[in-house]
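Structure assessment
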Amino acid sequence: AGPLSALKPREGAVAERLARLEGPQRVATLRRALGMGSIWPELRALEARGLLEHEAVPPAEPSVRTRRVVRVARQPGTLEEREALFGRAGRQREAFDLLQASGGAIELAHLTRAEGFSRSVITGLEEKGLVTVADEEEIRDPFAAQPPQAPPDLVPTSAQAMALENLVAALDEPRPVPFLLQGITGSGKTLVYIELLKEVVDRRGKGAIVLVPEISLTPQTVSRFRAHFGNQVAVLQSALSDGERYDAWRQLRAGEKRIAVGARSAIFAPVSDLGVVGVDEEHDGSYKQSEGPRYHARDVAVVRATRAGALCVLGSATPSLESWQNAQKGKFEHYSLPDRVGGGVLPPVSVVD
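Structural notes, computed from the coordinates. Here the structure is a predicted model, which is why all the values come from computation and not from measurement. (Residues numbered from 1 in each chain as written. Predicted model: local features only at pLDDT ≥ 70, side-chain atom pairs only at ≥ 80, totals over all residues. Heavy atoms only, no water.)

**Structural notes on the packing of helix α5 (residues 90-101) against helix α7 (residues 119-127)**
- At a closest axis distance of 9 Å, the pairing of α5 and α7 adopts a crossing angle of 80 degrees. When the axes of α5 and α7 are compared, the pair comes out roughly perpendicular. Here R91, Q92, A95 and F96 of α5 come into contact with α7, specifically with V121, G124 and L125.
- The residue makeup of the contact of α5 with α7, split by class, is four nonpolar, two polar and one charged. (Axes fitted to C-alpha atoms, helices over the stretch in contact; angles between N-to-C directions. Helix = DSSP H or I, 4+ residues; strand = E, 2+ residues; numbered from the N terminus. Parallel < 35°, antiparallel > 145°, perpendicular 65-115°, else oblique. Contact = heavy atoms within 4.5 Å. Nonpolar A, V, L, I, M, F, W, Y, C, P; charged D, E, K, R; others polar.)

Below is the structure:
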């Protein structure tokens, strides 16, 4: 430490306030306490003089949600043993019978509140070695109340089948060339994505990432993927709480879920053994992150897929100029779905001067 008298007035104010406070302080907290606006120049000057140390600390991880569960530990062998264990403890017998009828496990809170068993009844079962009471992790699933629907029985058109055949063939290459799948609205690009994911996830056992614009990440979009892949799908979007996003990331990292569907930040999802990366509406401006760290999710998708040896599929009815140019130069493979499924036609368009 050096003499405070040699400091500039603002530097001295920061140093004096920090000296009066106990322990490390967040920069934002110190700034608010001083009411001086930005104090970064003063902090850098004081750090250069050796009067303070500054370090960046990562935010704390969201907590793991747990629930206390009562589980059957062992079954009485005979009727005689059962009678000897319970005797005149009728409430213990009732609680144990309820546990057995419920599959061997019930949340403690449900037993004590909804079923009316006292905690001493459960403790008695513990002391007899019949049950265990332990905290178990509870996964926060925003779609737990929405079971997957049965998928529709759709047959790919000839154009979809041809595009799919080429995409599947590219999966066998060590470094597949990215594909630009151009298809007008209603041409069935989603069906191609889903059939490709079935090949990658169900048949080859690999993982997948599907990016969609934030505005398109609707329950309808999510339900299409969950209808085919059920609980293998993890949805990553801004509407999730920190805890829900934390659980989804851990499940992806552990391989419990194999498909990440989300907006631009989902490109960084910890999907292991990546087989395919899909970017729907690849021309959409929302894939560009305008705040630090700045990145373009479409471009990151191409790079990540290339480094992982995975297939990258960019889909759009109106491709971006960058992707169109890459397709023209041969950097991307280009396939078209020119017609609407079911024979629908585009509305007439007139250019009026």
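What follows picks up the thread again.
**Quick notes on the environment of H54**
- Considering the arrangement of structural elements, one finds H54 in the loop between α3 (40-48) and β1 (66-72).
- The sequence separation of H54 and S286 amounts to 232 residues, and the corresponding C-alpha distance is 35 Å.
- In this structure, H54 is in contact with V27, W40 and E47, ignoring residues within four places of it in sequence.

**Observations regarding α7**
- For α7, the set of buried residues is V121, I122, G124 and L125. One side of α7 holds all its buried residues, which, seen down the axis, span an arc of 155 degrees. Exposed positions of α7 whose direction lies more than 90 degrees from the buried face are S120 and E127.
- Each element contacted by the buried residues of α7 is listed here: β1, α4 (79-86), α5, α6 (108-114) and β3 (131-137).
- Immediately beyond the C-terminal end of α7, within one or two residues, lies G129, with a positive phi of roughly 75 degrees. (Buried < 20%, exposed > 50% of the residue type's maximum accessible area, 1.4 Å probe, protein only. Arc of directions from axis to C-beta.)

**A short note on the sheet that holds strand β7 (residues 259-262)**
- Reading across the sheet, the seven strands line up as β6-β7-β5-β8-β11-β4-β12 and stay open at both edges, with parallel pairing between neighbours. For this open sheet the edge positions go to β6 (233-236) and β12 (333-337), each flanked by a neighbour on one side alone. The mean inter-strand angle of the sheet, taken between neighbouring strand axes irrespective of direction, is 15 degrees.
- Looking at chain direction, strand β4 (residues 179-183) and strand β11 (residues 311-316) are connected through four bridges and run parallel. Looking at the pairing, Q182 lines up with S316 of β11. (Pairing = 2+ DSSP bridges.)

**So, the sheet that holds strand β2 (residues 105-107)**
- Pairing in this open sheet of three strands is antiparallel, and the strands run β2-β1-β3 from one edge to the other. On the outer flanks of this sheet lie β2 and β3, each paired with one strand and no other. Strand-to-strand twist across the sheet, computed as the mean angle between neighbouring axes with direction ignored, equals 30 degrees.
- Bridge analysis of β1 against β3 gives seven bridges, and the strand direction is antiparallel. Residue pairing across strands places R68 opposite D135, the latter belonging to β3.
- Docked against the sheet, α7 engages β1 and β3, running at close to 110 degrees with respect to β3.

**Thoughts on the environment of V201**
- Residue placement: V201 occurs in helix α9 (residues 189-203).
- Sequence separation of V201 and Q232 is 31 residues, and the distance between their C-alpha atoms is 9.3 Å.
- Apart from residues lying up to four places away in sequence, V201 is in contact with K206, A208, Q232, R258 and I259.

**Brief notes about the side chain of Q92**
- In this fold, Q92 is placed in helix α5.
- We classify Q92 as buried; its relative accessible area is 13%.
- In this view, Q92 contacts F86, V121, G124, L125 and K128; residues no more than four positions away in its chain are not counted.

**With respect to α4**
- Of all the residues in α4, the buried ones are R82, L85 and F86. For α4, the arc enclosing every buried residue in end-on projection is 85 degrees, short of the 170-degree limit, so these residues lie on one face. Turned more than 90 degrees away from the buried face of α4 sit E80 and A84, all of them exposed.
- Among the structural elements, α5 and α7 are those in contact with the buried residues of α4.
- Where α4 terminates, the next one or two residues include G87, which has phi positive at roughly 50 degrees.

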